[in-house]
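A closer look at the structure
Chain by chain, the residues run as shown.
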Amino acid sequence: MAVISRREFIRMAAVSSATTAAVSIFPRIVFAEWDASNSESTDIHWKKTPCRFCGVGCGLLVGLAGGRAVAVKGDPSSQVNKGLCCVKGYHSVQALYGKDRLKKAMVRKNGKLVETPIQEALDLVAAKMQETIKTHGKDSVAIYGSGQWTIPDGYVASKFLKGGIGTNNLEANARLCMASAVTGFLTSFGLDEPMGCYEDIDYADVFILWGNNMAEMHPVLFSRILDRRMKKKNVLIIDLATRTTRTSHAADKSMLFNPQTDLAIANAICHELVKNNWVNWEFVKKHVSFKTGKTNIGYGLEDDFKFKDEAQSANFDVFKEFLKDYTPEKVEKLSGVSANDIRFLSALYGDPNRKVVSYWCMGMNQHTRGTWINNLVYNIHLLVGKISKPGNGPFSLTGQPSACGTVREVGTLTHKLPHGVVMKEEHRKMAAKIWNVPVENIPAKPTHHTVSMFRALDRGEIRFMWVQVTNPMVTMPKLKRYREGAKKEGRFLVVSDVYPTPTTDVADVILPSAMWIEREGMFGNSERRTQHFDQLVDPPGDAMSDTWQIIEVAKRTGYGDLFPWKYEDHIREIWEEYRQFHNSPKHAMAPYEELRKAPGIIWPFVNGRSTQWRYNSVYDPAASKDAEFDFYGKPDHRAWIWLRPYEAPPEMPDSDYPFWLNTGRVVEHWHTGSMTRRIPTLHRAVPSSYVEINPHDAKRLHIRNGETVQLVSRRGSLKIRAVIDGRGQPTVGQVFVPFFDESLLINELTLDAYCPISKQPDYKKCAVRVEKV
């Protein structure tokens, strides 16, 4: 089956709720304590909240009894999931109750982590921050956050660092998962985030999934797609991927391509659209400009790597000439996708009677040319005018609950502000006015993106780093370098988290965080929907929200006047201050009271209504009424079609390392598994990581299913269990490894190459060999 049925989800949740606490056979992982009697209570009170796993933003109803969260079901009033949940959502509240939950602060003394009163730990964090700044300068301190940060978390971090201390050393792990989506939107449209919404699913005739295993990564949305196909004749699902997955089995057609060649496939589709005169000429003439940029742009492998693209004007004739190098026959030899299949894809996009939605996630974004491939898929939709309409549009999905709402909208990246970028004086002036700080406080130059930040920590340019809500000692590519860098003499690492992880293992101070419904907050999902949630249960021990941890440290370092709010209403006050940054029809946010009443509100929120389709004058109040479409993010009010070529990745298989290594996730676990592996049912379903090997490769290497093999790259090696003919199957010459297992650190093998425009690393392509042990 491609996805687990709703009935099976509910059955699994019921089985899990009856599971008693148990100790895993794996180090560190201690299962959640779950009292089945609570979930059978007749006194359960149900409260609404968004799910805290993935970026879909499903609405949940959490059952409360005896001061604990004891049950979960989907919220039928949610326009996102309409009452359905995935397997992680149905088990989500069990993540609150792991036996090894961090409840007390820990401070490293004489090499060992020792329980410490949290006020003392906060004093130490503030003192070390001040000491580091005094000795090494303000750019020697940094905060590294997350797409799991709530909007208030990210907002106070930005205000503290950029408005208070005066450093742009602020980054978040969303740089690792959606930065290429951001730069793709910005370069093509001038503004970030999708122009459509999930309701496109209810209108579309064709769903083309670009390297996106939706059945496992976004199962609720994929269930909605399957429901659409079941209810309407001739709806098609096309899987364009590098390995066979559950999505492939559910699709009407699956096409497997060689890694990196999605660039050439997208250009070949455009070639056929032009050749067959399937271009929407009226749309292109009125609403599109053509641009070229730099080529042979590098891969970010050097510590001092720098790159800046330059847009040059082009025209349709130049674009047509460029496409001559991408005939279906030529691209077939490069990509492995047949010329006929490329023509089939082109015909789907080019058919004026079919509405088409393209979906993608990490497959396109974690790519050394991630910005380019985003641009190229936009090119396809722009050529045929299938954009910013119900059922027509490109859509980049996200993998964290607030990668959009916090990282992209609040702007918790080195170059960003809550509205705009630090490089523009008018944007700094706006931030300074709202924050009531001198504009000179806010530096005009970005400092370090994520990979550069951890390189700077290794080199000693950054001496103090505060990590919140993320686990970089599992997720960073080329991991050995950055783990050893964090452990060097003269570094001070603070980690805020809810469970012990490999990142807390190397911390000097651990601060226990309140989790999700243990505090009030907001998330922002993939479709621009902001979702408020109340505190429903008390946090354990001394745990406090990441927002309040930052405020406490800010007060201790002399910046308390930036955060004058009382604890009782600080979330409301933060939200209403933050809304001032988006006080225009292009990005207006709903008031606090409106958010509390609804299970999420899509922005722009203008005159009491959400804008579901941006840039379309029928739906978007910010768009000019003089034309059907207005791409107002660009100075010429046109979307840009970019001429972006195919360029090979920096590392490809050869005689010494003959396999591609691809990494990713499974449906049961979320990211590094620090929460989902403490949920009994999910952990038992997939208790450890593994390597998928194609049966032909396994036969040639005399490897049997379940045997241990060794993967070796130029950076490291890993012994791991082989799976042959499992739920997924890579192509010949490729292996796939999920990264959720902290005892099998696959990122010790990956390469820290990144897209020079977005600075997002490529976790999907490096070279390894497979050795039988």
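A few points on the structure.

Cut-offs used in this document
Residues numbered from 1 in each chain as written. Predicted model: local features only at pLDDT ≥ 70, side-chain atom pairs only at ≥ 80, totals over all residues. Heavy atoms only, no water. Helix = DSSP H or I, 4+ residues; strand = E, 2+ residues; numbered from the N terminus. Polar contact = N/O pair within 3.5 Å; in protein donor to acceptor, adjacent residues only side chain to side chain. Contact = heavy atoms within 4.5 Å. Core = buried A, V, L, I, M, F, W, Y, C linked by side-chain atoms within 4.5 Å. Buried < 20%, exposed > 50% of the residue type's maximum accessible area, 1.4 Å probe, protein only. Domains from an automatic or database assignment. Pairing = 2+ DSSP bridges. Axes fitted to C-alpha atoms, helices over the stretch in contact; angles between N-to-C directions.

1. Observations regarding the side chain of Thr49
- Relative to the helices and strands, Thr49 resides in strand E1 (residues 45-50).
- Of the polar contacts made by the side chain of Thr49, one reaches the side chain of Trp516; its length is 3.4 Å.
- Sequence-distant contacts of Thr49, that is, excluding residues within four places in its chain, are made with Cys58, Gly59, Leu60, Val62, Trp516, Ile517 and Phe533.

2. Details of the nonpolar core
- With 90 residues, the main nonpolar core has Phe189, Trp210, Phe319, Leu382 and Phe631 as its most contacted residues.
- In terms of domain composition, this core takes at least three residues from each of domain 2 (105-177 + 423-564) and domain 3 (183-295 + 308-397 + 630-643).
- Beyond its immediate stretch of four places on either side in the chain, Leu382 contacts Phe189, Phe283, Val284, Val288, Ile387, Phe631, Ala639, Trp640 and Ile641.

3. As for the sheet that holds strand E24 (residues 639-643)
- Read across the open sheet, the three strands follow the order E13-E12-E24; overall the sheet is mixed. The open sheet has two free edges, formed respectively by strand E13 (312-314) and E24, since each of these has just one partner strand. Within the sheet, the average angular offset between the axes of one strand and its neighbour, ignoring direction, is 45 degrees.
- In terms of strand pairing, strand E12 (residues 288-292) meets E24 through five bridges, oriented parallel. Pairing of Phe290 across the sheet is with Ile641, part of E24.

4. Comments concerning the sheet that holds strand E8 (residues 206-210)
- In spatial order, the strands read E11-E9-E8-E14-E15; together these five strands make up an open sheet with parallel pairing. Across the chains shown, the open sheet's two edge strands, defined by having one partner strand only, are strand E11 (253-256) and strand E15 (393-396). In this sheet, adjacent strand axes meet at a mean angle of 15 degrees when their direction is disregarded.
- The pairing of strand E9 (residues 236-241) with E11 spans four bridges and is classified as parallel. Bridge pairing links Ala241 to Leu256 in E11.
- Running over the sheet, helix H8 (residues 219-231) touches E8, E9 and strand E14 (356-360) and is turned about 140 degrees from E9.

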